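For reference, the chains in residue letters:
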Amino acid sequence: MAPAALLLPLLALVAPGLGAAPPACDRHPAPLWCRSPDVAAACQAPSPRAHPSHPAAAPVELSLFYESLCPACRGFLVQQLFTTWLLLPAEALNITLVPYGNAQERNESGKWEFQCQHGPEECLGNMIETCLMQEAKNFSTYFPVIFCLESGSSVTKTLEACLQVYAPQLDRDRIAACVQGDTGAALMHRNAQRTEALDPPHQYVPWVVVNGKHTDELQAQAEASLLGLICRLYQGEKPEACGSSGTSEAAPRCRR
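Quick look at the structure, then. It should be emphasised that the depicted structure is a prediction, and the values quoted were computed from it without experimental measurement.

### Concerning the environment of V155
So, step 1. Structurally, V155 can be placed in the loop between α5 (139–151) and α6 (159–166).
So, step 2. V155 sits in the buried class, given a relative accessible area of 1%.

Here's what the structure looks like:
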């Protein structure tokens, strides 16, 4: 899953007919120009956030419980979730990412240790993404980096390259310190608690919770066409992208 190959069709979907970028926009990939009002203004791109003539509706709340090396999780995040996020305005969808999945934890002498379904590298990938979120704070900053990690050849070895493209303002050393220290372990423990608190308990990943609920029907709809599901559930003015939402084959899963 090469990032360049995946971004080309996304560029065609999100920014058809865009000309050359102004010099100030060189460090902002074109699909992200409309994710921030400041960047949209600098890049002379209309922001989809403003709809002054219509009252605001609550965004659809989506939580994704996943693990960094699960092929099904990577496919859903890259092909469904990231694409849907790019196509919809910020007021229509609010996303929470919880990287932990089918891992297990134990407390050894006051320190949390983790065992992951796809081995130690997956635990490292989960930790990197968790610490990245902690450092970046802003979803629009860290989600493109996570997309880059998950769509590349190695989740654990491409952080520096992904940061250079999508979030050069972030400090790689601070993220590494989090991963290697007590902060990362504490954050991962929190992810474990959030995962274990799911009701109903998760049976596989990716596990999708929409507006606080998980059902087999919602999961199947999210896997078939997440864009279509969010468009149906959003109660505000339907975004332009909702006119072209279709269906696709459901993704596989990583069972416990």
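That shown, we press on.
### Focus on the packing of helix α3 (residues 71–87) against α5
So, step 1. Look at α3 against α5: their axes get within 10 Å of each other, and the N-to-C directions meet at 145°. Crossing handedness for the pair α3 and α5: left-handed. Mapping the contact onto sequence places R74, L77, V78, L81, F82 and W85 in α3 and F139, S140, F143, P144, I146, F147, L149, E150 and S151 in α5.
So, step 2. Tallied by class, the residues present in the contact of α3 with α5 amount to 11 nonpolar, two polar and two charged.

### Points about the pattern of salt bridges
So, step 1. Tallying each qualifying case throughout the model produces six salt bridges.
So, step 2. Salt-bridge contacts for R174 lead to E135; the nearest nitrogen and oxygen are separated by 2.8 Å. Taken as a pair, R174 in helix α7 (residues 172–180) and E135 in helix α4 (residues 120–136) lie far apart in primary sequence, 39 residues in all.
So, step 3. Across the pair E160 and R172 runs a salt bridge, and its minimum N-O distance is 3.9 Å.

### Notes on the state of the cysteines
Here a disulfide denotes a covalent bond joining the sulfur atom of one cysteine to the sulfur atom of another.
So, step 1. Counting across every chain of the model gives four disulfides.
So, step 2. Each sulfur of the disulfide joining C148 and C162 lies 2.1 Å from the other. Judged by the sign of its S-S torsion, about -75°, the bond between C148 and C162 is left-handed. Placement of the pair is C148 in helix α5 and C162 in helix α6, with a sequence separation of 14 residues.
So, step 3. Owing to a relative accessible area of 9%, C148 belongs among the buried residues under this scheme.
So, step 4. For C162, a relative accessible area of 1% translates into the label buried.
So, step 5. Between C73, a cysteine without a disulfide, and C70, which holds the nearest cysteine sulfur, the sulfur-to-sulfur distance is 3.2 Å.

### Some points on the sheet that holds strand β2 (residues 93–99)
So, step 1. Spatial strand order, β2-β1-β6: three strands in an open sheet with mixed pairing. Every other strand in the sheet has two partners, leaving β2 and β6 (207–210) as the edge strands with one partner each. Between one strand and the next, the sheet's axes are offset by a mean angle of 15°, whatever the strand orientation.
So, step 2. As judged from the seven bridges shared by strand β1 (residues 60–66) and β2, these two strands associate in the parallel manner. In the strand pairing of β2, L64 is matched with L97.
So, step 3. Packed onto the sheet, helix α8 (residues 182–196) meets β1 and β2 and runs at close to 110° relative to β2.

### Considering the packing of aromatic side chains
So, step 1. Evaluation of the coordinates by the stated rule reveals nine aromatic pairs.
So, step 2. Plain terms: the ring middles of W85 and F143 are 5.3 Å apart, the flat faces sit at 75° to each other, and that makes the pair edge-to-face. Residue W85 is found in helix α3, and its partner F143 is found in helix α5; the two are separated by 58 residues along the sequence.
So, step 3. In textbook terms, an aromatic cluster arises when at least three aromatic residues are bridged by ring pairs, as seen for F82, W85, F139, Y142, F143 and F147.

Thresholds applied
- Residues numbered from 1 in each chain as written.
- Predicted model: local features only at pLDDT ≥ 70, side-chain atom pairs only at ≥ 80, totals over all residues.
- Heavy atoms only, no water.
- Helix = DSSP H or I, 4+ residues; strand = E, 2+ residues; numbered from the N terminus.
- Buried < 20%, exposed > 50% of the residue type's maximum accessible area, 1.4 Å probe, protein only.
- Axes fitted to C-alpha atoms, helices over the stretch in contact; angles between N-to-C directions.
- Left-handed = near helix turned anticlockwise from the far one by under 90°.
- Contact = heavy atoms within 4.5 Å.
- Nonpolar A, V, L, I, M, F, W, Y, C, P; charged D, E, K, R; others polar.
- Salt bridge = Lys/Arg side-chain N within 4 Å of Asp/Glu carboxyl O.
- Disulfide = S-S within 2.5 Å.
- Pairing = 2+ DSSP bridges.
- Phe/Tyr/Trp six-rings, centres within 6.5 Å; stacked < 30°, edge-to-face > 60°.

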